[in-house]
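Examining the three-dimensional arrangement
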Amino acid sequence: METRTENTPRFSIFRRADAPAYSETECIEMVGLTDIIENGIARAGEAGDSDGQEVRLLFSMPGMSLTYAWFKSGFPLPLHTHNADCLYYIIAGSLRMGTEELGPGDGFFVGSDVPYSYKPGPNGVEVLEFRTSDRFDIRFLGKTKVFWDKTVQALKAEHPNWIGQPRPSELPAGV
């Protein structure tokens, strides 16, 4: 069990509007990169993957972090792992994980180094990610060019749907 230090907050307020994008933090590190994976990530970027997602670090302290993620409809989240346990809670929208359809109020737990992926539903999905660490890694498991070709193709196919797409939490009830 991690011990409290004088740098550990005893009380803190955070706001999504003030939360930095992951790209502005050092909380996550890409590991296990190969030339194929690096090339695939670069091609995904060129295909507009950043337009289909918003990932922000809401809160972080030694031993825990909270992330807000919004993935737009059909965003092809590549199979990956993290080296920290993570509990996911769906606040709006829906996702498909394997044969399971999950919606608001549902969630799932993914242990450290367990591979996972999910596909956002027709209105996208907003999730909160509770992690047992303030620093963690991401390891993409798509190791072939064919895997990344399919990911990039899916990004290009879904990208037009993302222009002006509202967050699921902003949609009228029942939509």
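Above this text sits the structure in question.
As a starting point, this report considers the structure included with it.

Parameters and conventions
Residues numbered from 1 in each chain as written. Predicted model: local features only at pLDDT ≥ 70, side-chain atom pairs only at ≥ 80, totals over all residues. Heavy atoms only, no water. Core = buried A, V, L, I, M, F, W, Y, C linked by side-chain atoms within 4.5 Å. Buried < 20%, exposed > 50% of the residue type's maximum accessible area, 1.4 Å probe, protein only. Helix = DSSP H or I, 4+ residues; strand = E, 2+ residues; numbered from the N terminus. Contact = heavy atoms within 4.5 Å. 1 Å grid on protein atoms, 1.4 Å probe; cavity = no way out; pocket = protein on both sides within 12 Å on 5 of 7 lines; lining within 4 Å. Points joined across faces, edges and corners; volume = space filled by probe spheres on them. Nonpolar A, V, L, I, M, F, W, Y, C, P; charged D, E, K, R; others polar. Phe/Tyr/Trp six-rings, centres within 6.5 Å; stacked < 30°, edge-to-face > 60°. Lys NZ or Arg CZ within 6 Å of the ring centre and 35° of its normal.

**Topic: the nonpolar core**
Counting residues in each nonpolar core, the largest one holds 27 residues, and the members touching the most others are Phe71, Leu95, Phe108, Tyr118 and Val127. Secondary structure elements with two or more residues in this core: strand S2 (53-61), strand S3 (64-71), strand S5 (86-97), strand S7 (107-110), strand S8 (119-131) and helix H2 (145-162). A per-element tally of this core places S5 first, with five residues. Apart from the residues within four sequence positions on either side, phenylalanine 108 is in contact with Cys86, Leu87, Tyr88, Leu95, Met97, Leu102, Tyr116 and Tyr118. Counting residues in each nonpolar core, the second largest holds eight residues, with Leu58, Phe59, Leu66 and Leu128 among its members.

**Focus: the layout of surface pockets**
Of the pockets and cavities examined, the largest pocket occupies roughly 800 Å³. Taken together, 30 residues make up the lining of the largest pocket; nearest its centre are Tyr22, Gln53, Val55, Ile138 and Phe140. At the level of secondary structure, the elements contributing two or more residues to the lining of the largest pocket comprise strand S1 (28-30), helix H1 (35-46), S2, S8, strand S9 (136-140) and H2. The element contributing the most residues to the lining of the largest pocket is S2, with four residues. Broken down by class, the residue content of the lining of the largest pocket amounts to 18 nonpolar, six polar and six charged. Of the pockets and cavities examined, the second largest pocket occupies roughly 200 Å³. It is H2 that provides the largest number of residues to the lining of the second largest pocket, a total of four residues. Looking at the lining of the second largest pocket residue by residue, the class counts come to eight nonpolar, three polar and two charged.

**Observations concerning the packing of aromatic side chains**
All chains considered together, the criterion is met by ten aromatic pairs. Aromatic pair phenylalanine 147 and tryptophan 148: ring centres 5.2 Å apart, planes at 80°, arrangement edge-to-face. For phenylalanine 147, a relative accessible area of 24% puts it in the partly exposed group. By relative accessible area, tryptophan 148 is classed as buried at 2%. Here the aromatic cluster, defined as three or more aromatic residues joined through ring pairs, consists of Phe71, Phe75, Tyr88, Phe108, Tyr116, Tyr118 and Trp162. For arginine 16, the ring lying beneath its charged end belongs to tyrosine 68, and the centroid distance is 4.9 Å. The ring centre of phenylalanine 136 lies 4.1 Å from the NZ or CZ of arginine 131, which sits over that ring.

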